[in-house]
Amino acid sequence: MVVDEGGSTHKLVETEERHQLQPAQIKFVKMFRKSKVADGTSVGQVGFKKKSRVPGVMITQFVETLPEGKSHPDFTRKPIALTIQEGKFAFFKAIVTGEPTPTITWTRNNGDVSDTSRYNAKYDPNSNEHTFEMPNVQPDQADTYKCTAVNEFGQAFVTVILNVIEVGFKKSKAPEPVPNATDGNFTTVLKRKSKIRPKSEQTEKKDGEIDPKFWELLMSADKKDYESICAEFGVTDFRWMLKKLNEMKKEREEEQAAFVKNLSNLKPINVNGDGTASFELDMDLLEPSSHIYIYKDGEMVPYTKELGEKMKHSLKQVGRKFVFSMKDLLPDDAGLYQLDVEGVTMFSTEFKVPMVDFLVKIQEVKAIEREDAVFECVLSNPFSKINWFGKNLPLEQGEKFDIEVSEDKLIHRLVVKDCMVVDKGIYSACAGIKSCNAWLLVEPDKNAGKGKKSERKTTRAGGSGVDLLQVAQEQQAKLEKQYEERKEIIKAAQEVAAAAPPPETPAPKKAEPAPEPSAPVETIGKAMAGNVSKAGEANSSPIQLEGAVGEPSITGGLSDIYALRGTPLELTVTMNIECDGAWFKDGEPLSSGGGVTVLKEGLTHKIRFASCQEDDSGVYRFVAGELSTQGKVTVGDVPEFDPDDLHKFSKPVVVRVAQEGLVISWFKDGTEIKDGGGVKIVREPNHSRLLFKDCLRTDAGEIKIQLKNPFGEVEAVSRLIVLDRPGPPEGPVDTVETTSTVIEIKWNPPKDDGGSAVTHYIIERQHARQTLWTKLGDVTADKTTFRDRNYYGWSDDPLWPSWSPHYRECFEDLHPPDLDSPRGHTRVPIVGYLLEKRKKDTNQWVAINAVNEPIEDIKCAVKDVTEGSEYQFRVSAINESGAGDPSPPSEMVCAKNPNMRPCFKDPEDFMVVRAGNSVRIKINYEAEPPPEITWLKDDEPISSWINVINTEGMSQLVIPSSKRSDSAVYTIIAKNSVGQASFDIEVRVTDEPKSPGPVEIEQTVHGKLLISWAPSPDQELDDRLYYVVSQCDSNNRMWKTVADRLFTNSFTAINIYPGVEYHFRIFAKNDMGLSDPSHSPPWGVNNNRVPIPTNGLKSTEISFERPPSILVPLKVHTPPKGYQLFMTCAVRGCPTPNISWYLDNICINSDNHYYMTNSFGVCSLYILRVRPKDSGEYKVVAVNSFGQAECSTKLIVKE
């Protein structure tokens, strides 16, 4: 309420756009919950916030009570956020309800929508859809759009975001500043940290530079794939690669941790059976609204989650799993794909498209039950393995399927063994991005006995119908011809390389990077790497290639070898005949010079190293014509320890080693240590760790680590010392001196010091009449005597305990108890007090101060307490001899903040109560000072007969005998001087529902029954009421539930067979349970026969023969290109009519492109993938001896 200076009052309303109020006019403002009014209300008009069933919709009702038959606006379908490429057609759709019909307006946050050439709002009265269209969308149209529906009783609005991807977007392009981007940075694209650049921006690589694509693939690949990736990019220094990869992974993980909680199950991109390619990963986003981008070779890939089926690329999210897929695959789709979150790369995978196609595709197979079915195909290039799919599921070699490949790897077969009817379906073969599919039809065995299983057949059905062997031989001859042409090119290039003059100054070239070879030599290296390696003949020794007698061959090849640094080395290759050859190191030609000598002695070709150095490591390859052999040379030293870690070896038993691939052994007192029995040895790439679990004193001893590799071994020794508590001092304790004021005692050191020297002794004293031991002080380890000057004997008064402490206030971090002086008198003055605390449910007393730091005052502020916990305190007096006995403990006191805003503790927000029972809502809260409690029912004060019971920390609302009218949203408001809090509890008062009304049964289609019933009288009173249908038939006499959670008053039962009697029961169900059932009349042939009196007349035969008729006609279909299609109609006639299908008046019954069925008059036409030429007029003609009937429809295939 607002009161101005003139004394008149006005109701205060708060809108989304805050109305400006003059400070001089405002005297007092009181805020009411759920009393905010949205846009469109006039001054003084009150609005009520309402909830919509659609999330994200804001509703404001202008009147408190709606007239009968009227309603405020609401959205039954809201617009969906859209990310779309520049230049595409963008649109939002919404469906709005309300009486009277609301007015719809579209606006945007940062712009105007009045330009009809760019924005167009439409309404379809048939579908009740409001559409907001933006043809040829541009980046400046990316914004937050708002749809508002208004009528005289209220308004509703919803916002939606449009993201526009710029065409030709480059990752290196800096994001442009977005004005007023607080509503969501939907047009801001973060600059990615990946080094992958689009092909148009890539610069020429320098000699020795590694493609950044290499590192991106390694960071997302499995360790088993490291070797193949390194071979593809020509990386041979694996030690350097692993070291750098670990550094990059650590940096990448730190970047990912800013946006992702967990990243797992990375699956590389693969081609699926439906012709699409996809990759997936599991990712927990810290912010679900984080932007996700997909890149291909550095170029952003446009996609949308909502319109994924209409675009080539789509990204779907199911829980924490993200699946990126693309359809209509082409060779241009090959490349490196990356998924980024807010500019940080999460996953990288490479999609390779092999150059292969199907020369012969698989064909449809019709098999008899228990017979084998065969699918065959021929490829254009050898392929070791293709992917087979059955019903979109991958197939593997096993008991059910045989996958066969010919020796030339051109012919591929899939054998489906022991076919059953369930094996019927579509099977497909995928090679690269090419695929083909065909149907497998399984017919029952007519020769099998009724009710018996037919015998297993040895015949095979199917095949391609052509001579696959001949097709494969022709293709093989074509490939061999291409291979011979390539060999001629290689031979010519080799001759040019052999005729080239040797370098004049070979020695200096050893220290410099190897020069780039000439074009012919480079061609040789690439050709040999592409042919010999692919044949699987690299890294083998000895190597014998195919060839006729007399042709050259390698009898002694290269192998991997380890060489010690500084020692000579010789590599030797032996041929069967004398011929020339060339040496290569890491793909580059090698010649004499710089300590390396290349020579030939008869049939032997050699390389000699005078003194091996680190630069001599690498892969050496010898090439002689079409033959080659290779081996890896590794130059190294005897293993060594890291000097820093070796220096620290005597402390923690962790030693880092400077090399990898070592044999690491641990020894204790000369005996090798094995895993198990509380001992664990951890071996990792760059260090080893020895762990002892639950160490004992017997585990102490000499520990030795030994490192061994092919070059030698090295050892390091340390000692393990296990520390334990020292043993008790040797007794007995002797009394050296005793007077009226002093007592001196003496003892001997302990036998076992626990592995460490004794630092001090602790002296405690116990009075003869008490059981409590009191600490007197500490004595250093170099003394074994102690003098107690506070010893008075039993004739004097001891130091009596103090009185219990008292409390004034209690805060979260501060307890100030008052301490009283001790009772009794002592001869030594008191220097202070020792204060101790104990937490509730514990037995440990914790000292607040040390004995040598006594509390001189009788007041103390205690810190380090936990809010909400209870504590006890006790005090001991201290004199120069030590602390006396503690006082009796104080009462328990709770630590809490004296100024705390109210908060509720674990309340329940929903409650269901049976009508007539009492309703009890208990709400626990915390607040200081105690709050004022207020209860509301649907935002109105509660009735006087509703009881409210308030106690400390709890408020309870009680309705003694509840009625259905008590169903409402109850609100509790707790308010004190610090602030206020509120909470809503929905209470639903209901009862077991009443039975539904009479049940009727009607048969509209053969095999189906339409069951309808009158609604339960409680249907209008309970919006959570639904129906359950049970069925019983004369075959099994068992009731079973056939439908549940029905919110309608009808149900269609299927699989209804003639000659069987059926009964149905209908239940109404709500939160309280089931109602009594309503029974249907029996349905069946025998029960529904009505006897007809003959009255002496003779019966005549009735003929059921009739001409064909169309019960359900065909419908119009407009599927997109490549989608599957079903056409269905229902036909009746006796005798059963023959069905023919026509496309543009041409019969298509024998066309294999269409699959047609006729099941009890339901005629179906199935097209696996529709094509543009499938468009046209389809017609079904049913003909029998009494006539014919036909129906037609049109099929329009969208491009």
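Residues numbered from 1 in each chain as written. Predicted model: local features only at pLDDT ≥ 70, side-chain atom pairs only at ≥ 80, totals over all residues. Heavy atoms only, no water.

Colleague: Even after reading the chapter, I still don't get the overall build of the protein, so can you show me in this structure?
Modeller: Secondary structure summary: the protein contains 6 helices and 83 strands in total. Counting across all 1199 residues of the protein, residues that qualify as buried make up 38%. Considering only contacts in the protein between residues 6 or more positions apart, those separated by 24 or more positions represent 61%. Accessible surface computed for the protein: about 69900 Å², of which carbon and sulfur atoms make up 51%. (Helix = DSSP H or I, 4+ residues; strand = E, 2+ residues; numbered from the N terminus. Buried < 20%, exposed > 50% of the residue type's maximum accessible area, 1.4 Å probe, protein only. Contact = heavy atoms within 4.5 Å. Areas by Shrake-Rupley, 256 points an atom, 1.4 Å probe, with all protein chains shown as cover.)

Colleague: So what exactly am I meant to see when it comes to the sheet that holds strand 76 (residues 1106-1112) here?
Modeller: Strands in a sheet are paired, the pairing made by backbone hydrogen bonds, and the direction either parallel or antiparallel. As summarised here, the arrangement of the 4 strands in space is 76-77-81-80, forming an open sheet in which the pairing is antiparallel. Two strands in the sheet have a free side with no partner beyond their single neighbour: strand 76 and strand 80 (1154-1159). Geometrically, the sheet is characterised by an average inter-axis angle of 25 degrees between neighbouring strands, direction not taken into account. (Pairing = 2+ DSSP bridges. Axes fitted to C-alpha atoms, helices over the stretch in contact; angles between N-to-C directions.)

Colleague: Which parts of the structure should I look at to understand the packing of helix 1 (residues 212-220) against helix 3 (residues 238-256)?
Modeller: The axes of two packed helices give the description: the angle between them and the distance between them. Closest axis-to-axis distance for the helix 1/helix 3 pair is 10 Å, and the angle between their directions is 75 degrees. Between helix 1 and helix 3, the crossing angle belongs to the class labelled roughly perpendicular. Contacts between helix 1 and helix 3 involve Phe214, Trp215, Glu216, Leu218 and Met219 on the former and, on the latter, Trp240, Met241, Lys244, Leu245, Met248, Lys249 and Arg252. (Parallel < 35°, antiparallel > 145°, perpendicular 65-115°, else oblique.)

Colleague: Looking at this model, I keep getting lost on the sheet that holds strand 17 (residues 313-318). Mind explaining?
Modeller: Across the sheet, which stays open at both edges, the 4 strands sit in the order 13-14-18-17 with antiparallel pairing between neighbours. Each edge of the open sheet is held by one strand with a lone partner, namely strand 13 (260-271) and strand 17. Neighbour to neighbour, the strand axes of the sheet diverge by 15 degrees on average, direction disregarded. Direction of pairing for strand 17 relative to strand 18 (residues 321-326): antiparallel, over a ladder of 6 bridges.

Colleague: Where do I start with the nonpolar core in this structure?
Modeller: With 28 residues, the main nonpolar core has Met283, Ile292, Leu339 and Phe351 as its most contacted residues. Listed by contribution, the elements that provide at least two residues to this core are strand 13, strand 14 (277-285), strand 15 (292-296), strand 18, strand 19 (335-341) and strand 20 (344-351). Among the elements that take part in this core, strand 14 stands out by supplying 5 residues, more than any other. If sequence neighbours within four positions are ignored, Phe351 has contacts with Ile269, Val271, Ala277, Met326, Leu329, Asp333, Ala334, Gly335, Tyr337 and Ile433. Core analysis: the second largest hydrophobic core is formed by 26 residues, Val57, Ala94, Ala156 and Leu162 among them. (Core = buried A, V, L, I, M, F, W, Y, C linked by side-chain atoms within 4.5 Å.)

Colleague: Would you take a moment to explain the environment of Asn897 for this structure?
Modeller: For Asn897, the position within the fold is in the loop between strand 58 (893-894) and strand 59 (900-904). Along the primary structure Asn897 and Gly868 are separated by 29 residues, whereas in three dimensions their C-alpha atoms are 8.7 Å apart.

Colleague: What's the story with the pattern of salt bridges in this structure? I'm lost.
Modeller: Any two side chains of opposite charge can pair, so long as their charged atoms come close to each other. Scanning the model with the defined rule gives 41 salt bridges in all. The partner of Glu614 in a salt bridge is Arg565, and the shortest N-O contact between them spans 3.1 Å. Placement of the pair is Glu614 in the loop between strand 37 (604-609) and strand 38 (618-624) and Arg565 in the loop between strand 32 (561-564) and strand 33 (569-575), with a sequence separation of 49 residues. Of the charged contacts, one joins Lys905 and Glu926 as a salt bridge, the two residues approaching to 3.4 Å between their closest N and O atoms. A residue pair is termed long-range when its members are at least 10 positions apart, and Lys905 in the loop between strand 59 and strand 60 (910-914) and Glu926 in strand 61 (residues 919-928) qualify at 21 residues. Taking the relative accessible area as the measure of exposure, Lys905 reaches 42% and is therefore partly exposed. By sharing partners, the salt bridges in this structure join Lys267, Glu280, Asp282, Asp284, Arg320 and Lys321 into a single network. (Salt bridge = Lys/Arg side-chain N within 4 Å of Asp/Glu carboxyl O.)

Colleague: I would appreciate a short explanation of helix 3 in the present structure.
Modeller: For the α-helix, the turn length of 3.6 residues means that residues three or four positions removed from each other point alike. The terminal C-alpha atoms of helix 3 lie 26 Å apart, and with 19 residues this matches the ideal 27 Å at 1.5 Å per residue to within 8%. For helix 3, the complete set of buried residues consists of Met241, Leu245, Arg252, Glu255 and Gln256. Summarising the axial view, the buried residues of helix 3 lie within an arc of 85 degrees, below the 170-degree limit, and thus occupy one face. Pointing more than 90 degrees away from the buried face of helix 3 are the exposed residues Lys243, Asn246, Lys250, Glu253 and Glu254. Contacts from the buried residues of helix 3 go to helix 1, helix 2 (226-233), strand 13 and strand 20. (Expected span 1.5 Å × (residues − 1). Arc of directions from axis to C-beta.)

Colleague: Just checking my understanding: could you explain the packing of aromatic side chains for this structure?
Modeller: Here the distance between the centres and the angle between the planes together describe a pair of aromatic rings. Applying the stated rule across the entire model yields 23 aromatic pairs. One aromatic cluster is present, formed by Phe92, Trp106, Tyr119, Phe132 and Tyr145 through successive ring pairs. A cation over a ring is seen here: Lys704 above Phe667, with NZ or CZ 4.9 Å from the ring centre. (Phe/Tyr/Trp six-rings, centres within 6.5 Å; stacked < 30°, edge-to-face > 60°. Lys NZ or Arg CZ within 6 Å of the ring centre and 35° of its normal.)

Colleague: How should I be thinking about the confidence of the model for the protein in this particular structure?
Modeller: Any residue range with low pLDDT should be treated as having predicted coordinates unsuitable for detailed reading. With 79% of its residues at a pLDDT of 70 or more, the protein has an overall mean of 78. Between the elements of the protein, mean pLDDT differs from a low of 33, seen in helix 5 (residues 519-531), to a high of 94, seen in strand 82 (residues 1176-1184). Across residues 169-193, where pLDDT falls below 50, the model places 50 contacts with residues more than four positions away in sequence or in other chains. Of the regions scoring below 50 in pLDDT, residues 808-817 engages in 45 contacts with residues more than four places distant in sequence or in other chains. (pLDDT = per-residue confidence, 0-100.)

Colleague: What should I look at first to understand the environment of Lys585 in this one?
Modeller: Within the secondary structure, Lys585 is located in strand 34 (residues 582-585). On the basis of relative accessible area, Lys585 is assigned to the buried category, the value being 18%. Sequence separation of Lys585 and Arg621 is 36 residues, and the distance between their C-alpha atoms is 6.3 Å. Leave out the neighbours within four places in its chain, and Lys585 touches Leu590, Asp615, Asp616, Ser617, Val619 and Tyr620. In terms of polar contacts, Lys585 uses its side chain to reach the backbone carbonyl oxygen of Asp615, at 2.4 Å. (Polar contact = N/O pair within 3.5 Å; in protein donor to acceptor, adjacent residues only side chain to side chain.)

Colleague: Even after reading the chapter, I still don't get unusual backbone geometry, so can you show me in this structure?
Modeller: Backbone geometry follows two general trends: most residues other than glycine have a negative phi, and most peptide bonds adopt the trans configuration. Note that the residue after Glu99, namely Pro100, is joined by a cis bond; omega there is 5 degrees. The residue Pro100 is located in the loop between strand 7 (90-99) and strand 8 (103-108) in this model. The residue after Glu928, namely Pro929, is reached through a cis peptide bond having omega 0 degrees. Mapping Pro929 onto the fold places it in the loop between strand 61 and strand 62 (932-937). Notably, Arg1037 is not glycine yet its phi reads approximately 55 degrees, a positive angle.

Colleague: Looking at this model, I keep getting lost on the pairing of strand 73 (residues 1062-1070). Mind explaining?
Modeller: Looking down a regular strand, the side chains alternate between one sheet face and the other. The buried count for strand 73 comes to 7 of 9 residues, which makes it a mostly enclosed element. Sheet topology note: the strand 70 (residues 1026-1033)/strand 73 ladder contains 8 bridges and is antiparallel. Each bridged residue has a counterpart across the sheet, and for Val1029 the counterpart in strand 73 is Ile1066. As defined by bridge partners, strand 73 adjoins strand 75 (residues 1078-1079) across 2 bridges and the pair is classed as antiparallel. Each residue of the ladder has a partner; that of Ile1066, found in strand 75, is Ser1078. Joining the antiparallel neighbours strand 73 and strand 74 (residues 1073-1074) is a turn of 2 residues.

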